[in-house]
Amino acid sequence: MPVARPLTLKQRHGQFLGSIAVAFAVVLLWQIVSGLLFVVPAPARTVAVLASNLTDPDYLVDARETALAVATAFVIGTLLGGLVGLVLGLVKPVRLATEPLIVALNGVPKIVLYPILLPIFQLGGSKIVMGVLFCLFPVLINVAAGVRHIPDVYWKLARSVQASWLQTLVHIILPAIRRPLLTGLRLAVSLAVVGVVLSEFFATRYGLGRVVLQTYGHGDYPEMVATILLLIVVSFTISMLLWRWEKKVQ
Amino acid sequence: MSEINLENVEVAFDTPAGTVVAVSGVTQRVPAQGFVSLVGPSGCGKSTLLSVIAGLTKATGGQVQVGGKVVNGPDRGIGVVFQEDSTLPWRTVLDNVRFALQVAGVDKEGQLERARWAIELVGLKGFADAYPSMLSGGMRQRVALARTLALEPGVVLMDEPFAALDQQTRIFLGAEVRSIWQRSAQTVLFVTHDISEAILLSEQVWVMSYRPGQIIDVIDVDLPAERDPSIVSSHAFNELHNRIWTSLQEESMRGFRQQEGAA
Amino acid sequence: MRTAAMAHQSKEPVTVPETTPTGTAAAAPAMSPRRRRRLGDATFSGIATTILVALLAVLCEIGPRAGWWGEEVLPSTSSIVASAADLLGQPQFWGDAARTSLEIGLSIVFGSVLGLLLGLVFWKLPTVGRIFEPYLVSFYAVPMVLFYPLAIVVVGINASSVVILATIMATIPVALNTTVGLNGIRPVYLKLARSLQCSPRQLLTSIALPAAAPFIVAGLRLGVVYALIGSIAMEFVTAQAGLGYRIRYLYEIFDNQTMFAYIFVVLVVSMILTALLVAVEKLLVKGRTQ
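The name given to chain B in an unreviewed UniProt entry is Nitrate ABC transporter ATP-binding protein, with Intrasporangium chromatireducens Q5-1 as the source organism.

The structure is reproduced here in structure tokens:
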């Protein structure tokens, strides 16, 4: 059995320092590139622009709009994905009947459906629906796979203590699938961001995606890079935190 | 003629909890064409000693000679059968057995011929094209054995090869290993924690102590060459069993107490 | 597509390690546990899928005709299929398809090679692997799309900016899966290789790669899917040609009929591609589980 040997404190220290060094190297590279290409703003300048943006009420309207859309999409997407995944994991005929379609749909560039969503859900709703479409699948697939791989003995245990449905869900199913569920949630966060922002790239009234595209159009690259940086850093941080949590859960 | 000579072999590991001496001052000899079993409580370092003879683990002291040559690393003249299932699931039985010959650079015709011979030797004729996943655990260990024997090594080292199998399969496979050995000119060192298995199979039994692993008893097995399983009810067998059991019991208890204390 | 998760669940010792060192960002191999009525299940799946697709087609045919929704929201199935068939005779469509295929093809090739190499490096040098792991896991493929506006500023609006980012998207799952697969090799195989005195090359080609193959193949499948999704999404944002670009363009000039045909073709082709990849993957790892 491949047993991961626990790292010594020194190794973990080295690893942390190594990761920091990589981040530092990236910033350094960025600095060098910004010196060579005038279209790329220097790191310090970008951070300064970002800081001033975050005190600009107009920018905050856009940021709030995007954040709200992402949060809504994430909540709806994970609830829906979790529910469907649960059904697929528990009911074999349903899983067999829908699995090929779900697998195939997951491989589809969902963004091309945006023009179809627009007339139905309007500008405000479409990007949320797109976010839901993006983040639905990892949760759904991971929950379904997780439920399917719960060892038989757990089900026997639940029956032997005559657990109710809710008790089985809370005390058996959720703890048993916590790792795949967390993985699904982690992927869902960044996918919700991508779904919403891509939609905003296409058409929207407010939102950071619109800011990026507009500043691109105006050739205001420091603004553009600052907004991209904000989006990346936020989704990176959430993703990283969820990943660390996931690693802690055994 | 491959005899195994151990001279004052010592193996120590550095662990976060300090240095652990797994094997200490082992000076023993397995005669050419001999069959020796090494028994001891779990965690006593018998697998480590075997690994040193195979050239997979470096001794921190002393010397191992096989067939008069000092062991400095793995050698195709020394065959190893591992405790874990080591069959490669992506290869058929034939290709698993051939693997050792391929690596050794045997030409294709020779590979096929010797692989077929080894497969027949371990009683897997008719399964050459099967994948390991279609076979039982016992049959997979036969594949691993065939792969080792295909190279016709002078020395065969077996590291609890039947530990994961059920009792009946173990007895049956053990008898076959002994019968293959009797027909060959190989020297065998067999690690096990099963006293009966050790007596049934071998000509001599070494008893190893709990850490630091030392050979605390060497018992010659004076039983007839042909041993059917009914021999376990004989007086001679029971005497041997009792003697080994007595020296082992104390060591097992000591090991148990130390492990409990550490936990 | 199984995005993740199963890896640490299965106790199958041969192919699926119990824990995935990258925190299960890796895809589990598409292997089903041994089932007795396997063929029966597959047939059932096939029939049910056909029925579902047929039902959907019928629903979309009746919908606009019965006035449940307007033609401009979603035209009837028959008219979409008809205009999609029309598309196949148009050189512009083939030009777009060629551009997109080129982008996807290049990204897959570069991504696979790069991912495999990175996976090997992370396996051979575990410290390097652990240092880069958090970044790979957090940039798991899709968020790379957000860099697209920056890429077009630096590289220009052309195929190379799409290929660069899509390559990275394809690289990440391949690298992560290769690392997980190689780290999950059962230690006894490595012991065996040592005792038989395998050369480094024999170790790689006869032990390491085949042992990790289920994970590597799953990673390659994900790499292909991400290259496809990424390329089309980036074209959709802005480009000069390509299927994604054309859909956006047709939307902006209000040519709904052709736009729906393009969307239909993209959906169908990518669904078939995904299904094919899963089938190929199952075939490749077949001997091991049966």
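Engineer: An account of the overall build of chain C is needed here, citing residue identities and associated values.
Structural biologist: Counting its regular elements, chain C contains 11 helices and 0 strands. Sequence-ordered secondary structure for chain C, helices as α and strands as β, is α-α-α-α-α-α-α-α-α-α-α. Taking all contacts inside chain C whose residues are at least 6 apart in sequence as the whole, residues at least 24 apart take part in 72%.

Engineer: So what about the pairing of strand 2 (residues 18-30) of chain B? Which residues, and what values?
Structural biologist: Sheet faces and side chains relate simply in a regular strand, where the side chains alternate between the two faces. With 9 bridges joining them, strand 1 (residues 4-15) of chain B and strand 2 of chain B adopt antiparallel strand pairing. From the neighbouring strand, Leu6(B) faces strand 2 of chain B, where its bridge partner is Gln28(B).

Engineer: Provide a residue-level description of the sheet that holds strand 4 (residues 61-66) of chain B, including the pertinent values.
Structural biologist: Residues and elements named next belong to chain B. In space, the 4 strands of this open sheet follow the order 2-1-4-5, with antiparallel pairing throughout. With partners counted over all chains shown, the strands left at the sheet margins are strand 2 and strand 5 (69-70), one partner each. Here 5 bridges tie strand 1 to strand 4, and the two strands are oriented antiparallel to one another. Paired with Ile-4 across the strands is Val-66, a residue of strand 4. Against the sheet, helix 1 (residues 46-53) touches strand 1, strand 2 and strand 4, its axis set at about 120° to strand 1.

Engineer: Run through unusual backbone geometry, naming residues and quoting values.
Structural biologist: Residue and element names in this part refer to chain B. In this structure, the amide linkage connecting Arg-211 to the following residue, Pro-212, adopts the cis form with an omega of -10°. Mapped onto the secondary structure, Pro-212 falls in the loop between strand 9 (204-208) and strand 10 (215-220). With a phi angle near 60°, Gln-33 is a residue other than glycine that sits in the positive phi range. In this fold, Gln-33 is placed in the loop between strand 2 and strand 3 (35-39). For Gln-33, a count of 17 C-beta atoms within 10 Å translates into the label partly exposed. Unlike most non-glycine residues, Glu-160 shows phi in positive territory, near 40°.

Engineer: Summarise helix 4 (residues 92-106) of chain A; cite the residues concerned and give the values.
Structural biologist: Residue and element names in this part refer to chain A. With 15 residues, helix 4 ought to run about 21 Å at 1.5 Å a step, and its terminal C-alpha atoms sit 20 Å apart, in line with that. Considering bend angle alone, the principal kink of helix 4 is centred on Thr-98 and spans about 45°; proline Pro-100 follows within four residues of it. Among the residues of helix 4, Leu-96, Pro-100, Ala-104 and Asn-106 are the ones counted as buried.

Engineer: Lay out the UniProt feature "domain: ABC transporter" (unreviewed entry) in chain B with the relevant residues and their values.
Structural biologist: As recorded in UniProt, the sites labelled "domain: ABC transporter" (unreviewed entry) are residues 4-235 of chain B. Annotated as residues 4-235 of chain B, this span is 31% helix and 28% strand, and its ends, taken at the C-alpha atoms, are 31 Å apart.

Engineer: Please give an account of the domain arrangement of chain C that cites residues and values.
Structural biologist: It is common to give the size of an interface as the accessible area lost on bringing the parts into contact. Splitting chain C by domain gives domain 1 (36-74) and domain 2 (90-289). A separation of 30 Å is found between the C-alpha centroids of domain 1 of chain C and domain 2 of chain C.

Engineer: Summarise the packing of helix 3 (residues 91-124) of chain C against helix 4 (residues 126-138) of chain C; cite the residues concerned and give the values.
Structural biologist: Residue and element names in this part refer to chain C. Close contact between helix 3 and helix 4 brings their axes to 5 Å; oriented N to C, the two are set at 120°. The orientation of helix 3 relative to helix 4 falls into the category oblique. Of the residues in helix 4, those touching helix 3 at Val-121, Phe-122 and Trp-123 are Val-128, Gly-129 and Phe-132. Classifying every residue of the contact of helix 3 with helix 4 gives 5 nonpolar, 1 polar and no charged.

Engineer: Describe the pairing of strand 3 of chain B, listing the residues and the values that go with them.
Structural biologist: Residue and element names in this part refer to chain B. Counting buried positions along strand 3 yields 5 of 5 residues, so the element is predominantly enclosed. Of the two faces of strand 3, the one lined by Phe-35, Ser-37 and Val-39 and the one lined by Val-36 and Leu-38 are each fully buried. Sheet analysis places strand 3 next to strand 8 (residues 187-192), joined by 5 bridges and oriented parallel. Each residue of the ladder has a partner; that of Ser-37, found in strand 8, is Phe-190. Both strand 3 and strand 9 contribute to a ladder of 4 bridges, which runs parallel.

Engineer: An account of the sheet that holds strand 10 of chain B is needed here, citing residue identities and associated values.
Structural biologist: Residue and element names in this part refer to chain B. If you trace the 6 strands from one edge of the open sheet to the other, you get 6-7-8-3-9-10, paired in mixed fashion. The open sheet has two edge strands with one neighbour each: strand 6 (78-81) and strand 10. Neighbour-to-neighbour, the strand axes of this sheet turn through a mean angle of 15°, independent of strand direction. Alignment of strand 6 against strand 7 (residues 155-159), held across 4 bridges, turns out to be parallel. Among the inter-strand pairings, Ile-78 is bridged to a residue of strand 7, identified as Val-155. Taken strand by strand, helix 4 (residues 137-150) contacts strand 6 and strand 7, and its axis lies near 175° from that of strand 6.

Engineer: Explain the environment of Gly181(C) to me, and be specific about the residues and the numbers.
Structural biologist: Inspection of the secondary structure assignment puts Gly181(C) in helix 6 (residues 159-183). The residues touching Gly181(C), leaving out its near neighbours within four places in the chain, are Ala212(C), Pro214(C), Phe215(C) and Ile216(C).

Engineer: Could you give an account of the packing of helix 9 (residues 208-218) of chain A against helix 10 (residues 221-248) of chain A, with specific residues and numbers?
Structural biologist: Residue and element names in this part refer to chain A. Two numbers describe how helix 9 lies on helix 10: the axes approach to 8 Å, and their chain directions differ by 155°. Our classification of the angle between helix 9 and helix 10 gives roughly antiparallel. Pair helix 9 / helix 10 crosses with left-handed handedness. Facing Leu-208, Val-211, Val-212, Thr-215 and Tyr-216 of helix 9, the residues of helix 10 in contact are Glu-223, Met-224, Thr-227, Ile-228 and Leu-231. Partitioning the contact of helix 9 with helix 10 into residue classes produces 7 nonpolar, 2 polar and 1 charged.

Engineer: If you had to explain the interface of chain C and chain A to someone new, which residues and values would you point to?
Structural biologist: Each partner contributes to the interface: chain C provides 67 residues, whereas chain A provides 65 residues. Of all elements in the fold, only helix 1 (38-66), helix 4, helix 5 (148-154), helix 8 (200-237), helix 9 (243-252) and helix 10 (256-284) of chain C reach the threshold of two or more residues within the side of chain C that touches chain A. It is helix 10 of chain C that provides the largest number of residues to the side of chain C that touches chain A, a total of 10 residues. Classifying every residue of the side of chain C that touches chain A gives 44 nonpolar, 16 polar and 7 charged.

Engineer: How would you sum up the environment of Leu241(A)? Please name residues and give values.
Structural biologist: Residues and elements named next belong to chain A. Within the secondary structure layout, Leu-241 lies in helix 10. Note on Leu-241: 13 C-beta atoms within 10 Å, which makes it partly exposed. A C-alpha to C-alpha distance of 8.9 Å links Leu-241 and Arg-186, two positions 55 residues apart in sequence.

Engineer: Outline the nonpolar core, supporting the account with residue identities and numerical values.
Structural biologist: Soluble globular proteins: nonpolar side chains tend toward being buried together. In terms of nonpolar packing, the biggest core is built from 207 residues, with Ala192(A) and Ile53(B) touching the most fellow members. Top element by residues in this core is helix 8 of chain C. It accounts for 21 residues. The residues contacting Ala192(A), other than those within four sequence positions of it, are Val70(A), Ala73(A), Phe74(A), Gly77(A), Gly131(A), Phe134(A) and Cys135(A).

Rules of the game
- Residues numbered from 1 in each chain as written.
- Chains lettered and ligands numbered in written order.
- Predicted model: local features only at pLDDT ≥ 70, side-chain atom pairs only at ≥ 80, totals over all residues.
- Helix = DSSP H or I, 4+ residues; strand = E, 2+ residues; numbered from the N terminus.
- Contact = placed C-beta atoms within 7 Å.
- Pairing = 2+ DSSP bridges.
- Axes fitted to C-alpha atoms, helices over the stretch in contact; angles between N-to-C directions.
- Buried ≥ 20, exposed ≤ 12 C-beta atoms within 10 Å, placed from the backbone.
- Expected span 1.5 Å × (residues − 1).
- Bend = angle between axes of the 7 residues up to and from the residue.
- UniProt positions renumbered as here; feature names shortened; annotations may be inferred.
- Domains from an automatic or database assignment.
- Parallel < 35°, antiparallel > 145°, perpendicular 65-115°, else oblique.
- Nonpolar A, V, L, I, M, F, W, Y, C, P; charged D, E, K, R; others polar.
- Left-handed = near helix turned anticlockwise from the far one by under 90°.
- Core = buried A, V, L, I, M, F, W, Y, C linked by C-beta atoms within 7 Å.

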